[in-house]
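Analysis of the macromolecular model
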Amino acid sequence: MKKTVVSLASVAALLVACSRPAPPEEPVRAVKLITVGTSAYASRYEYAGEVRAQVESRLGFRVGGKLIKRQAELGQRVLAGQVLAQLDPQDYRLAFDAARAQVSAAATNRNLAAADFKRYQALKDQNFISGAELERREATLKAAQAQLEQAQSQSAVQGNQRNYAVLTADVSGVVTAVEAEPGQVVAAGAPVLRIAADGVRDVVFSVPEDRVAGLNVGAPVKIRIWAQNTELTGKVREVAASSDPVTRTYPVKVSMDAKAPPPLGATVYVTVEAGVPSGTPVIKLPSSALRREGQATTVWVLDKAAMTVRSQVIQVATADGNEVVVASGLEPGMQVVSAGVHVLSPGQKVSIYQSNMPSAQEGRAQAAPDSIAKPGSAVPAASAPGAK
């Protein structure tokens, strides 16, 4: 009997040792929450720009040579036809003289051939020579005439080359850059001066890649002059098709509607309206509240009754810094987890994080920056993060 009791006790101990321990209870995690709400959408952006001429030309000589004189200086106002710079014309003058001499020689040969043809034509009329001899004289005259025309054309080319040694202004404007100095040997077409033509002025500024889609040609903008308390209006004239290789931003040109535009090079501020009108109710969330499930963007929404979280799929309209504009998937009044989203699981028990900071500081919300939403979509922003 005693052995039987011992055996039963051993079997029970062995069974207890082989059984799996009970899994630990899932911890209740404290989470930070924000209450979803709508706020007025401020869809304005301000960029720093520079006033430039709509037409700005780099002027250079059409021939190469040594620059001996430059009459134009930086910032000087010039008129159309005004002499700006000169090359050493000696070689071009000698080439022109040689071309004129060739014209004189060709003219003499032509005149001699013409006289011979006239004399032989008279002899042919008297039947003293054959028709073939007259034709040879006529061919010689035509060749001499062609040589004369060739020499005249070459002389005209050399005359142009000589004139190209003088650089003149094509339009009236202001010299904005000097790129060659006297004594320098310049190649044909090398820039010597840059002139900003008088007329319409542009404002040029750059926008980042995530905001260039909100700018369309013809869109109205407001221009504020930095040195003056005045405001002008303008329209987007050109949006670059590719980004700058250095800054990776997109240059934008705005034409100003002003009879007296700011001076060239002046700093201005351009205010651009985004695609969504200001005042449209939008929902914003911090980017820390977002997570990816496959190809979908989701957030954790609190179930107040069970104090658990569930996954909610949302559609993001655009991003702006550390915030996103939510197009759909959330309703005002929902509570969304704003931090630690990657350590939660569906149906997990949570508690509300209680900050040790004074309530006055905890409830202080940082102003959200403006953002751009897609045109035509009324998309909403979340209220400032605040634990409940």
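You'll find the structure just up there.
Just so it is clear, the model here is predicted, and its values are computed rather than measured.

Moving on, we come to the pattern of salt bridges. Counted by the stated rule, this structure contains 15 salt bridges. Arg 52 is the partner of Glu 50 in a salt bridge, and the nearest nitrogen-oxygen pair spans 3.6 Å. By relative accessible area, Glu 50 is classed as partly exposed at 33%. Connected via shared salt-bridge partners are Glu 56, Arg 58, Glu 179 and Arg 194.

It is worth spelling out the nonpolar core at this point. A general trend in soluble globular proteins is that nonpolar side chains are found buried together. Of all hydrophobic cores here, the largest spans 21 residues; its most connected members are Val 203, Phe 205, Val 207, Ile 223 and Val 254. Apart from the residues lying within four places of it in its own chain, the contact partners of Val 207 are Tyr 47, Val 212, Leu 215, Thr 249, Tyr 250 and Val 252. One finds Leu 84, Leu 167, Val 175 and Ile 195 within the second-largest nonpolar core, a separate group that totals 19 residues.

The next point concerns the packing of aromatic side chains. The final tally for this structure, using the stated rule, is one aromatic pair. Ring centres of Tyr 47 and Phe 205 lie 5.4 Å apart, and the angle between their planes is 20°; on these two criteria the pair is classed as stacked. Here Phe 205 lies in strand S13 (residues 201-207) and Tyr 47 lies in strand S4 (residues 44-53), a separation of 158 residues in the sequence. Accessibility assignment for this pair places Tyr 47 and Phe 205 in one class, buried.

What counts, and where the lines are drawn
- Residues numbered from 1 in each chain as written.
- Predicted model: local features only at pLDDT ≥ 70, side-chain atom pairs only at ≥ 80, totals over all residues.
- Heavy atoms only, no water.
- Salt bridge = Lys/Arg side-chain N within 4 Å of Asp/Glu carboxyl O.
- Buried < 20%, exposed > 50% of the residue type's maximum accessible area, 1.4 Å probe, protein only.
- Core = buried A, V, L, I, M, F, W, Y, C linked by side-chain atoms within 4.5 Å.
- Contact = heavy atoms within 4.5 Å.
- Phe/Tyr/Trp six-rings, centres within 6.5 Å; stacked < 30°, edge-to-face > 60°.
- Helix = DSSP H or I, 4+ residues; strand = E, 2+ residues; numbered from the N terminus.

Nothing here speaks to function; it is geometry throughout.
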